[in-house]
Structure formats: C-alpha cells, structure tokens
Amino acid sequence: MPQYHQFDALVVGAGGAGLMAALYASKGVNTAVISKLYPTRSHTGTAQGGISAALGNLEEDKWEWHAYDTIKGGDFLCDQDAVDIMCREAIDAVIDLEHMGLPFDRTPDGKISQRRFGGHTNNETKKPVMRACHAADRTGHMILQTLYQNCIKNNVKFFDEFQVIDVLIEDGKCNGVVAVQLATGEIHVFHSKATLIATGGFGKMWKVTSNAHSLTGDLPAAVLRRGLPLEDMEFFQFHPTGVYKLGILLSEAARGEGAVFINDKGERFMERYMPTLKDLAPRDICSRCIYTEIREGRGIGGKDYVYLDFRPEQINKYFEADGNPKRIDAHYLETRLPDIIEFARVYQGIDPIKEPVPIQPTAHYAMGGIPTDNDARVLADETGRIVEGLYAAGEVACVSVHGANRLGTNSLVDLVVFGKRGGIAMAEYCKQASFRPIHRDAAAKAGAAQLDRIRNNNGNERPHAIRKEMQAVMDEKVGVYRTGAGLEEAIDKIHELQARYKRIRIDDKGFKWNTDLMEAWELGALLDLAEVTAFAALARTESRGGHYREDYPNRDDVNFLKHSMVWKNGTITLKYKPVRITRIPPQERKY
Amino acid sequence: MKINLKIKRFNPETDKKPHWETYAVEVEPTDRVLDALHDVKWNQDGTLALRRSCAHGVCGSDAMRINGRNMLACKVLIQNIAKDGDTITVEPILGLPVVKDLIVDMEPFFAHYRAVMPYLVNNDPLPANGRERLQSPADRERYDDTTKCILCAACTTSCPSFWARGEYVGPAAIVQAHRFIFDSRDQAAQQRLEILSAQDGVWRCRTAFNCTEACPRGIQVTKAIGEVKEALRTGVIR
Ligand SMILES: Cc1cc2nc3c(=O)[nH]c(=O)nc-3n(C[C@H](O)[C@H](O)[C@H](O)COP(=O)(O)OP(=O)(O)OC[C@H]3O[C@@H](n4cnc5c(N)ncnc54)[C@H](O)[C@@H]3O)c2cc1C
Ligand code: FES
C-alpha cells in the first residue's frame with residue numbers, strides 16, 4: 001500500500017537552497033523537506049571558497065559592482081533585474097547567516113572576513129576586490145550545518161533518505177511529488193499546495209567532475225518528462241582547477257590567496273591572456289587558456305594538465321611582481337586553505353606547500369536548469385507563464401543570475417537569496433490557495449511502475465557500462481571545446497545509449513535499500529539531460545561563457561543574445577526567449 | 001594491482017544473519033577503497049549496498065570499518081592499507097543496527113545529536129545597525145576545531161563506551177555541543193552542560209582515544225570532550 005502525506009509546502013532537496021526555503025516557508029505554513037541524502041550530506045557541504053556580498057568590511061565595495069561583475073562574468077546572458085536582486089539581497093542574506101550562528105572567519109575588528117575571488121572587482125580600479133565571505137575553505141560546510149541546525153531549532157519536518165521520482169502536474173499546476181523511501185522501497189505520495197525543487201546540480205553526466213555521485217538530475221529529468229522545459233542547458237561550467245584525473249575541486253580561493261597557473265616552461269601563462277586579472281580571470285576563460293596551453297604542447301611533460309602553484313615563496317614572488325605588498329607563509333596557507341591542502345596530500349600524495357599541484361578542468365556547475373522568475377516560481381514556457389504551485393531554487397534552477405558563466409561564490413549567494421524568496425513566496429501562496437484534488441493511487445502506481453520496469457527488466461546491458469560510455473562522450477564532445485560535428489556524434493551516441501538503456505538488467509531485485517535500482521533509475525535521468533544538453537549546444541552556433549564552439553569562436557549578440565528553452569515530448573523542441581537587459585549593455589569581455 | 005575485498009554482507013530480505021563474501025578486484029594503488037567497492041558493485045555484484053556521495057571525505061556518508069578501524073571509504077587509498085595480493089576487510093560501523101550490507105540505521109546517532117541543542121542560542125537583540133555580531137579572531141579560533149565535524153559517526157561508533165551502552169550520547173554529540181559551548185556568541189552553554197552531566201552524558205567517556213584516531217577530519221575529539229568535562233568540573237568556560 002502506498003503511503004500518503006499532505007503538507008501545505010514541500011521542499012525537495014536539503015542543500016543550502018532547500019533548507020533556506022524550508023526555514024522561511026515553515027515560518028508561515030506546514031512544511032516538509034524530502035531528501036534522498038541526510039541533509040548534512042548534501043553537496044552544498046563541499047563548497048569551499050566563499051559567499052560573496054558587498055559588505056565592504058576590508059575595502060570599499062558596492063552591490064552595484066558585484067552586479068556588474070556578475071553580468072560581465074556571465075557574458076551578458078544574465079537577466080539583469082534578477083542579478084540586481086541577488087547582489088543587493090546578498091548583503092542581508094550573509095548577515096542573516098551570521099545571526100543564525102555561522103562561524104565566519106573574522107577581521108581584526110571582529111567583522112566577517114572577506115577575500116578575493118575570480119572575476120570580482122573594484123569597478124573603478126578594475127583590480128580584484130575582497131568580497132568573498134569565508135569560513136576557512138569550508139564555507140559551504142558551515143552554511144549547510146548552520147541551516148540544518150536552525151531547521152532543528154525550528155522543528156522543521158524532514159523525510160530523510162526519500163528519493164523523489166515524479167512530480168505531480170495536472171492542468172499546468174503542481175500538486176506534489178511521488179517518492180520512494182529508500183530503506184523500505186515503499187512508494188509515498190506527497191500531496192501539497194506548493195512544491196519547491198532544490199535538488200542541486202547534475203554534473204554526473206561527465207566523468208571528470210567535482211560533483212557528488214548523487215548529483216544525477218533526478219528532478220530536472222522528472223519535470224522534463226512531465227512536459228516542462230529546461231533553460232540554457234548548453235551552459236555548464238568547467239572549473240579550471242580539478243585534481244588531475246579525479247576532478248575533486250581545489251577552490252579558486254587558492255588563487256584568491258595568491259596561487260598561480262604554471263605551464264611546462266614554468267611560465268605564469270595567464271599573464272599573456274588576461275593582463276589585468278591574470279589568474280583571477282573568470283573560470284570559463286581560465287579553463288580555455290589551460291586547454292590552449294595543453295594543445296600547444298605546454299602541458300606538463302606534454303601531457304593534459306598544468307600546475308597550480310601555491311608554494312608560499314612562489315606566491316610571495318608573484319605578489320612582489322604585481323606590486324602587492326602582502327607576504328604570506330606556510331602557516332597562513334594552512335589556516336586559510338586547510339581542506340584543499342589536505343585533498344592534494346591525501347589524493348595526490350603531493351604537499352602543495354612544497355610542490356606544485358597537477359590540475360585539469362573539471363565539470364562543475366550547471367548554469368542552466370528549471371526556469372524560474374525572481375520569486376522562484378517555475379515557468380512553463382518562453383512567454384513567462386507560471387506553473388502554479390511549482391517552485392525551484394539553487395543550482396537546479398535557472399533564474400538566470402549566472403548567464404553563460406557563473407562567478408565563483410555566486411552559487412552560495414543564489415541559494416540563500418532565492419531559497420529564501422522561494423520559501424516566502426510559497427508560504428504566501430499556500431495561505432490563499434487550497435489543495436487541488438489528486439489521484440493518489442494512480443500517482444503511486446505510475447511511480448511504482450517506473451521502478452518495476454527497471455527491477456524486472458530482463459535485458460543484457462549493465463547500467464555501469466552505459467554510464468561510462470555516456471560520461472566518456474560528454475567529456476570528449478560536450479566539454480570545454482565543442483564543434484558541430486562533435487555534438488552530432490554525441491547526440492547519436494546518446495541515442496544509442498538510450499536504446500541500450502531500455503535493455504538493462506540489474507542484479508538486485510529487492511525492495512529494501514535497493515541502490516542498484518536507484519542508480520539505474522538515475523542513469524535514465526542523466527541520459528535525458530545529456531541529450532537535451534547536446535541538442536541545445538548544437539543549436540547555439542556562437543561562443544559565449546561556458547559554451548565554446550570552435551567552429552563559431554565569437555559571441556554573436558545579433559542572433560544569440562537569448563536564453564534557450566528545451567522540451568522533450570517524444571522529440572526535442574528548442575525555443576528562445578530574450579535576455580532582460582536593464583542597466584548594462586553588452587560589451588566585449590576583457591580582463 | 002590485485003586485492004581481495006572481504007565484505008560483511010547482510011540482506012534483510014533473504015538473510016537471517018550476516019556473512020562474509022570475498023571479491024577479487026583489480027585496482028590502481030592510488031584508488032580509494034570506495035573505488036574498489038564501486039568496482040564490486042558496478043562490475044560484479046550490484047546487490048552490494050552502501051551509502052556514498054561526495055567521494056572526497058566531506059559529506060560523511062561512507063564511514064565503515066576497514067581492516068578493523070573506522071574510516072571513510074572515500075578517504076583512504078588502497079596503497080596505504082594493502083599490498084598486491086592482500087585482503088582488505090570491510091564491514092559496517094559498530095554499535096548501530098545494520099540495515100543492509102554496509103548501511104546502518106543512523107537514527108539513534110542523529111537523535112543524540114539533536115539532544116544537545118546543536119544550534120546557536122542568543123536572545124539579545126540583533127545589532128541595531130543591521131550588521132553582523134562582532135567576534136574577535138581569537139574567540140572565533142576557540143571553537144574552530146569542532147566546527148569541522150561532518151556527522152559521519154566514525155568517532156561515536158569506535159567508542160567502547162558507546163558499544164557498551166547505546167544511550168551514551170557519544171563523542172560526535174559532545175563535539176557538536178562543544179562547538180556551541182565555546183562560541184562567544186552563544187548563551188545556552190549551561191543548558192548544554194546540564195544535558196551532558198546527566199547519566200548518559202560526558203562522564204561515560206573513559207578517554208579511550210579511539211574517537212580521535214577515527215576522526216577523518218582530524219578533530220581533537222578527546223581533547224574537546226576533556227574541555228567539556230573541565231567546564232562541568234570548574235563551572236568555568238574558557
Ligand atoms: C567542490 C565544490 C566547491 C564549490 N565551492 C563553491 C563556493 O566556494 N562558492 C559558491 O558559491 N559555490 C560553490 N560551489 C557550488 C555550490 O556549492 C553548489 O552549486 C550549491 O551548493 C548547490 O546547492 P543546492 O542547495 O542547489 O543543492 P545541493 O546542496 O547539491 O543539494 C541537493 C539536495 O537535493 C537532494 N536530492 C537530489 N535529488 C533528489 C531526489 N531525487 N529526491 C530527493 N532529494 C533529492 C539531495 O539529497 C540534496 O539534499 C561549489 C561546488 C562544488 C562541487
Ligand atoms: S562519500 Fe562523502 S565522505 Fe565519503
């Protein structure tokens with residue numbers, strides 16, 4: 001028998017965005033959070049470097065500068081009204097986190113400490129500005145812990161280790177979700193007036209990624225299957241500094257503290273490409289420069305990686321060359337970047353204090369996702385029609401504040417600002433809305449059928465083989481550099497894998513903690529997202545931000561200053577909608 | 001290199017009690033134990049159940065007993081615990097009910113966590129200028145170590161006192177309490193100390209140091225517990 005629950009507001013996902021939404025929704029209405037992981041296991045906990053807000057605690061700063069940097073960093077694809085909201089409200093959001101107990105590092109006079117990060121500048125001098133608020137290099141961990149602690153304090157209701165597999169949408173309105181309780185395999189129907197999706201990224205389409213095993217795009221795939229569109233899927237960020245071969249992230253905070261990229265010749269090559277911001281240029285640019293170095297034979301030993309150098313004496317040497325009076329030592333780095341120093345020691349056997357660290361770009365962040373308005377309400381189409389009762393926030397959503405390339409530290413800002421706005425908007429909505437009737441048995445049956453199809457399938461394909469091939473083709477053809485021909489090959493390959501996916505066979509036929517089954521289901525979600533990503537990338541015959549087409553190397557504002565919207569109803573449909581430009585006209589992106 | 005993974009298996013739908021199974025796996029010396037477990041799961045036997053997410057030691061999902069010691073499977077490299085041809089044993093952490101294979105019921109652990117008021121309590125009005133509360137770098141540094149906890153349960157489930165009595169709040173909950181007791185912004189230290197002075201509180205700790213050794217985040221757990229005991233003994237928090 002399926003189990004049935006009713007809540008005014010549901011939040012799917014317990015990372016920074018979900019918990020923030022839950023905190024604010026639960027102040028007004030009966031709210032529950034559903035998460036496939038224990039909340040503290042969410043990937044927000046891995047965020048390292050910081051959360052930006054123009055507090056101006058260490059030097060002059062303005063939220064308008066933060067907004068300008070965000071828009072320029074996003075290669076002018078950001079919706080500028082949304083960016084203004086984010087950067088203005090970031091200040092109160094960070095203060096709010098401090099009041100909730102977040103242990104930020106402090107300045108000598110006791111204020112929240114701030115550091116430099118890629119693409120964040122003083123707009124007048126064009127020099128890097130200290131805007132990223134931090135708690136060592138575990139800022140995300142502290143945000144996640146603090147929000148979870150406050151949820152406990154406020155008695156927020158949690159369904160931990162429940163995985164949502166379907167979103168109930170009827171007549172263009174959302175009435176809840178269907179989930180499987182992992183411990184039992186039972187189907188639960190959650191009936192709600194409002195549902196907010198906050199399930200984070202979906203980087204597991206790629207092999208070399210900073211993303212967790214759990215980031216499989218379950219909910220974006222579910223809404224896609226329910227006939228809703230996804231926005232800007234061709235824009236995925238490749239972070240320049242992943243641990244070589246593993247993809248584990250070494251935060252930009254390292255470069256914020258002075259680390260630099262070095263090629264095989266020992267040259268600080270970013271100086272050549274971006275003379276002002278150098279190693280603190282935005283991520284899309286750094287990743288391409290690294291690959292250019294590698295392609296031109298200047299990878300280390302001619303191989304496919306370069307070094308990130310944060311030996312204290314080297315950092316001081318570059319400070320001196322830049323005319324920066326600051327000097328640091330090993331102790332300073334060990335206290336500012338303890339975790340990433342440990343990652344290099346544990347996973348690469350390299351001591352970054354003594355040796356440079358091999359790095360390569362790693363699939364990191366989804367700029368695209370479920371389209372929303374500025375109150376996290378999900379959009380049904382390119383005209384801005386709303387899906388009543390459905391909300392999305394955090395990495396899974398596309399507001400769009402990150403445009404074609406997200407600046408470092410701006411995701412955590414996005415989570416807290418739009419998570420809060422979504423929570424408040426849901427509570428307001430729930431107070432005046434009533435529950436719409438649902439067909440709970442039919443909903444449960446459809447959910448169970450999705451899983452039974454996989455559980456009982458008698459094919460000959462192992463899901464892992466399909467996953468590996470998908471990740472290989474995404475790394476190779478839908479990565480930092482793309483071409484029309486490569487993308488077409490990728491689409492063919494994904495179609496082949498989707499056909500093979502219909503013939504999978506899993507080993508575990510049981511119900512309790514059947515992770516074999518859930519991984520196979522997640523693979524289906526990833527394949528759908530890989531398909532629409534490659535399609536949207538093929539159609540965008542220009543280069544902008546994180547989407548770089550070798551066959552169309554220039555930005556094309558005449559034809560492509562617009563967001564893509566992709567549907568998958570049998571076949572794939574692409575439409576576009578204009579970018580909202582309010583203050584800052586597009587210009588060439590130089591640093 | 002080749003290793004054998006000897007894994008304690010239990011399927012609640014078919015087994016009455018756990019049993020051991022051994023799998024031969026081909027690994028790189030620099031692979032994580034998690035990679036080897038995935039190799040088993042993905043290429044040999046999909047029924048193997050374990051929790052994991054981040055795969056780099058920050059989410060706290062995959063604490064397990066590896067060669068008899070609690071570790072995160074994603075944070076220990078094969079080369080550090082085995083040579084070619086060796087057998088590595090993997091079993092669930094002890095002291096919590098096993099649900100399936102390497103998965104245990106975490107609810108008793110989180111119940112202890114919730115019991116120590118793991119959140120900031122400060123009833124003063126917020127700063128009138130709308131800004132952050134101030135805290136000196138030294139005051140911030142005071143509780144830095146215990147903010148690192150990822151609630152993986154490696155410490156609590158390595159503790160003989162916890163094995164003997166599951167009602168004992170355990171090292172992880174005390175670490176969480178410590179994080180707030182020594183935060184200069186917090187005002188509920190006395191309430192937490194009262195909770196921890198109860199029968200199943202901090203005095204059950206026999207300073208076995210297992211917790212400190214087990215902590216994958218390098219937290220000085222036993223020291224933190226000692227500081228809480230000291231605060232209870234002297235009534236002074238410093
Ligand atoms: C290594 C790393 C470092 C980073 N550093 C920074 C940084 O310094 N600054 C910055 O701004 N950004 C950073 N980012 C990006 C940022 O951390 C993420 O974009 C952000 O944390 C995502 O948060 P979220 O709340 O949207 O989702 P997540 O924190 O990923 O949470 C997703 C939640 O959804 C749940 N979920 C998923 N699927 C389901 C389902 N089917 N059913 C139920 N629940 C489900 C999960 O259990 C989880 O609780 C970093 C990212 C990485 C990977
Ligand atoms: S998988 Fe996250 S700690 Fe090991």
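Fair warning: this is a prediction, and the values are worked out from it, not measured in the lab.

Caption draft 1: Here's a closer look at the overall build of chain B. From N to C terminus, chain B includes eight helices and seven strands. With 238 residues in all, chain B has 58% of them scored as buried. Long-range pairs, those at least 24 residues apart, make up 64% of the contacts in chain B between residues at least 6 apart in sequence. Separation between the mean location of the 32 positive side-chain charges and that of the 30 negative ones in chain B comes to 3 Å.

Caption draft 2: Up close: the domain arrangement of chain B. Residues and elements named next belong to chain B. Its domain assignment divides chain B into domain 1 (2-104) and domain 2 (107-234). Spacing between the C-alpha centres of domain 1 and domain 2 amounts to 29 Å. With 15 residues of domain 1 at the interface, the matching set in domain 2 holds 15 residues. Together, the buried faces of domain 1 and domain 2 total about 1,100 Å²; carbon and sulfur atoms form 62% of this surface.

Caption draft 3: Layout of the packing of helix 5 (residues 218-225) of chain A against helix 16 (residues 515-539) of chain A. Residues and elements named next belong to chain A. At their nearest, the axes of helix 5 and helix 16 sit 9 Å apart, and the two run at 70° to each other. As summarised for this structure, helix 5 and helix 16 are arranged roughly perpendicular, according to the angle between their axes. Read as a crossing pair, helix 5 and helix 16 show a hand that is left-handed. Residue-level inspection shows Asp-218, Pro-220, Ala-221, Leu-224 and Arg-225 of helix 5 in contact with helix 16, the latter providing Trp-521, Glu-522, Gly-524, Ala-525, Asp-528, Leu-529 and Val-532. Tallied by class, the residues present in the contact of helix 5 with helix 16 amount to seven nonpolar, one polar and four charged.

Caption draft 4: A look at the sheet that holds strand 12 (residues 260-262) of chain A. Residues and elements named next belong to chain A. Taking strand neighbours across the sheet as the criterion, the four strands line up as 11-14-13-12 in an open arrangement whose pairing is antiparallel. The sheet is open, and its two edges are formed by strand 11 (236-243) and strand 12, each paired on a single side. The sheet shows a mean angle of 50° between the axes of neighbouring strands, taken without regard to direction. Bridging between strand 13 (residues 306-309) and strand 14 (residues 357-366) involves three bridges; their strand directions are antiparallel. Paired with Tyr-307 across the bridge in strand 14 is Pro-358.

Caption draft 5: Examining the interface of chain B and chain A more closely. Listed per partner, the contact involves 66 residues of chain B and 58 residues of chain A. Summed over both sides, the interface between chain B and chain A buries roughly 5,200 Å², with carbon and sulfur atoms accounting for 50% of that surface. The largest share of the area that chain B buries against chain A comes from Trp42(B), His56(B) and Glu132(B), three residues that together contribute 13% of it. For the pair chain B and chain A, the interface holds eight salt bridges. With its nearest N and O atoms 2.8 Å apart, the salt bridge here joins Asp508(A) to Lys100(B). At the junction of chain B and chain A, the tally comes to 41 residue pairs in polar contact (both at pLDDT 80 or more).

Caption draft 6: Spotlight on the pattern of salt bridges. Inspection of every chain in the model, using the stated rule, returns 87 salt bridges over all chains. A salt bridge links Arg462(A) to Asp507(A); its shortest N-O distance comes to 3.1 Å. You can see Arg462(A) sitting in the loop between helix 13 (440-455) and helix 14 (463-477) and its partner Asp507(A) sitting in the loop between helix 15 (484-501) and helix 16, a full 45 residues away along the chain. Residue classification places Arg462(A) among the partly exposed residues on the basis of a relative accessible area of 30%. Of the charged contacts, one joins Arg192(B) and Asp186(B) as a salt bridge, the two residues approaching to 2.7 Å between their closest N and O atoms.

Caption draft 7: Spatial organisation of the nonpolar core. Ranked by internal contacts, the top residues of the largest apolar core, which has 185 residues, are Ile51(A), Leu196(A), Phe261(A), Ile3(B), Leu5(B), Leu37(B) and Leu196(B). Ranked by residues supplied to this core, first place goes to helix 3 (residues 80-100) of chain A with twelve residues. Those residues in contact with Leu37(B) that sit more than four places away from it in its chain are Leu5(B), Ile7(B), Leu48(B), Leu50(B), Met64(B), Ala73(B), Val90(B) and Leu102(B). The next biggest cluster of nonpolar side chains, apart from the first, holds 84 residues, and it includes Val178(A), Ala221(A), Leu230(A) and Ala443(A).

Caption draft 8: Quick look at the domain arrangement of chain A. All names here are of chain A. The assigned domain composition of chain A is domain 1 (239-361) and domain 2 (438-551). Using C-alpha coordinates to define each centre, domain 1 is positioned 34 Å away from domain 2. Between domain 1 and domain 2, the buried area comes to about 550 Å², and carbon and sulfur atoms account for 60% of it. Where domain 1 meets domain 2, there are one salt bridge. When the shortest N-O distance is used, the salt bridge between Arg-295 and Glu-550 registers 2.8 Å. Here the element with the most residues in the side of domain 1 that touches domain 2 is helix 8 (residues 283-295); it accounts for six residues.

Caption draft 9: The arrangement of the site of ligand 1 in detail. Residues and elements named next belong to chain A. The local shell around ligand 1 holds 39 residues, among which Ser-42, Thr-44, Glu-395, Ser-411 and Leu-412 are the closest. In this structure, a nitrogen atom belonging to ligand 1 sits 3.0 Å away from a main-chain N or O atom of Lys-36. At a separation of 3.2 Å, an oxygen atom of ligand 1 approaches a polar backbone atom of Thr-409. If ligand 1 stood free it would expose 1,000 Å²; the protein chains cover 98% of that surface. Those elements that place two or more of their residues in the shell around ligand 1 are helix 1 (16-25), strand 2 (31-35), strand 7 (162-170), helix 5, strand 14 and helix 12 (410-432). It is helix 12 that provides the largest number of residues to the shell around ligand 1, a total of four residues.

Caption draft 10: Layout of the sheet that holds strand 5 (residues 87-91) of chain B. All names here are of chain B. The five strands lie next to each other as 2-1-5-3-4, forming an open sheet whose pairing is mixed. Looking at the sheet topology across the chains shown, the edges are occupied by strand 2 (19-26) and strand 4 (69-72). Averaged over all neighbouring strand pairs, the angle between strand axes comes to 35°, with direction disregarded. The pairing of strand 3 (residues 63-66) with strand 5 spans two bridges and is classified as antiparallel. By the bridge assignment for strand 5, Arg-65 is matched with Glu-91.

About the thresholds
Residues numbered from 1 in each chain as written. Chains lettered and ligands numbered in written order. Predicted model: local features only at pLDDT ≥ 70, side-chain atom pairs only at ≥ 80, totals over all residues. Heavy atoms only, no water. Helix = DSSP H or I, 4+ residues; strand = E, 2+ residues; numbered from the N terminus. Buried < 20%, exposed > 50% of the residue type's maximum accessible area, 1.4 Å probe, protein only. Contact = heavy atoms within 4.5 Å. Lys, Arg positive; Asp, Glu negative; His and termini not counted. Charge placed at Lys NZ, Arg CZ, Asp CG, Glu CD. Domains from an automatic or database assignment. Buried area = accessible area lost by both parts, 1.4 Å probe. Axes fitted to C-alpha atoms, helices over the stretch in contact; angles between N-to-C directions. Parallel < 35°, antiparallel > 145°, perpendicular 65-115°, else oblique. Left-handed = near helix turned anticlockwise from the far one by under 90°. Nonpolar A, V, L, I, M, F, W, Y, C, P; charged D, E, K, R; others polar. Pairing = 2+ DSSP bridges. Salt bridge = Lys/Arg side-chain N within 4 Å of Asp/Glu carboxyl O. Polar contact = N/O pair within 3.5 Å; in protein donor to acceptor, adjacent residues only side chain to side chain. Core = buried A, V, L, I, M, F, W, Y, C linked by side-chain atoms within 4.5 Å. Near = heavy atom within 4 Å. Areas by Shrake-Rupley, 256 points an atom, 1.4 Å probe, with all protein chains shown as cover.

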